[in-house]
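# Coordinate analysis (summary)
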Amino acid sequence: MEREAALLRAAETAFLAVFVGARIVERDVQLGSGLRWTWLAVLSDGALCAVAVQVRGRGALIWRSLDALAELEEHEGEVRRTLRLPPLSASSPAPQAVLIVEFAARAFARRLELVAAARVAGYRLLSLETRARSEVSLQAVSPRPRLERAGSQWQPNAQRRAGSEGIHVSKIDGIVERLRRLDSAVNVERANGATLVQVHGHELARLDQQGDACGAQVGPSDEVFTLETAADVERFLAASVERYLDLGCWTGAEGGAAALALGEPLLTREELAAFRELA
């Protein structure tokens, strides 16, 4: 318990040093049966920021945090009323999440980079001790961190809450660009409002835009993702990554989809196992 308390104190100090102007408004927060947030903060731009502090950052933590973040966004108005915060408005920045861990598994870092970097920031707690001093700081887990300072690059949610406005072509372009990061062989074809994403000749995903409405499917699945919010987009991207892995992006497999060995090996057996690890 003493070590856990020390970890929380260090994480809080490092968080407030990075996100200047943030203030913690509630601790030990859980909506429904989802992830329990260590604390809930309000950033300098008024956005809600849910923070989870854990010893080990595993890949499954990314999925859990995305689900919990979607729940927070859905019930943000109620949360604000309960905590007596300024009411939700159309110009309010979307809620964000920060994951602070002592040790980051490879799957945690990779899933964060490929799937969740636009909504979730991952940090490793770094401690520095000398004879004269002891300090803690946050080190971004992703090699291309997008969230460095409070409000610096966190997009307002004018379009994220745009259930009535739909999702625009620029957003589809952003989704496609993130899918391109999976493999240099990703190919994109567009026709009549439909965007087909393929990799090594295999269908990875399909996005269809009809007016303001946008839906997406992954591979041969009949499940349709309605892309109205950023949380919807993240769930679709997560499913696309799993489809890519199922197609076989590593060599040496015996049978099954992975035996397709698409192009040069992207992941070794060990890396794939780490990528798919469960909490």
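It should be noted that the structure appears before, not after, this text.
A few points on the structure. (Residues numbered from 1 in each chain as written. Predicted model: local features only at pLDDT ≥ 70, side-chain atom pairs only at ≥ 80, totals over all residues. Heavy atoms only, no water.)

## Considerations on the nonpolar core
Grouped together as the largest cluster of nonpolar side chains are 25 residues, with contacts concentrated most on Ile 175, Leu 179, Leu 207, Leu 227 and Phe 236. Put simply, the parts of the chain that give this core at least two residues each are helix H5 (169-180), strand S7 (186-191), strand S8 (194-199), strand S9 (202-210), strand S10 (213-218) and helix H6 (230-248). At seven residues, H6 tops the list of elements feeding residues into this core. Each residue touching Leu 179, except ones within four places of it in the same chain, is listed here: Val 186, Val 197, Leu 204, Phe 236, Leu 237 and Ser 240. (Core = buried A, V, L, I, M, F, W, Y, C linked by side-chain atoms within 4.5 Å. Buried < 20%, exposed > 50% of the residue type's maximum accessible area, 1.4 Å probe, protein only. Helix = DSSP H or I, 4+ residues; strand = E, 2+ residues; numbered from the N terminus. Contact = heavy atoms within 4.5 Å.)

## A few points about helix H2 (residues 59-74)
Compared with an ideal rise of 1.5 Å per residue, which puts 16 residues at 22 Å, H2 spans 24 Å between its outermost C-alpha atoms and is within 8% of the ideal. Taken residue by residue, H2 has Gly 59, Ala 60, Leu 61, Ile 62, Ser 65, Leu 66, Ala 68, Leu 69, Ala 70, Leu 72 and Glu 73 as its buried positions. (Expected span 1.5 Å × (residues − 1).)

## Some remarks on unusual backbone geometry
With a phi angle near 55°, Asp 28 is a residue other than glycine that sits in the positive phi range. Here Asp 28 lies in strand S1 (residues 23-29). With a phi angle near 55°, Arg 84 is a residue other than glycine that sits in the positive phi range. Relative to the helices and strands, Arg 84 is located in the loop between helix H3 (76-82) and strand S4 (96-104).

## Brief notes about the environment of Arg 180
With respect to the secondary-structure elements, Arg 180 resides in helix H5. Residue class for Arg 180 comes out partly exposed when judged on its relative accessible area of 35%. Placed 18 residues apart in sequence, Arg 180 and Gln 198 show a C-alpha to C-alpha distance of 9.8 Å. Apart from the residues within four sequence positions on either side, Arg 180 is in contact with Val 186 and Val 188. A polar side-chain atom of Arg 180 sits 3.1 Å from a polar atom in the side chain of Glu 177. (Polar contact = N/O pair within 3.5 Å; in protein donor to acceptor, adjacent residues only side chain to side chain.)

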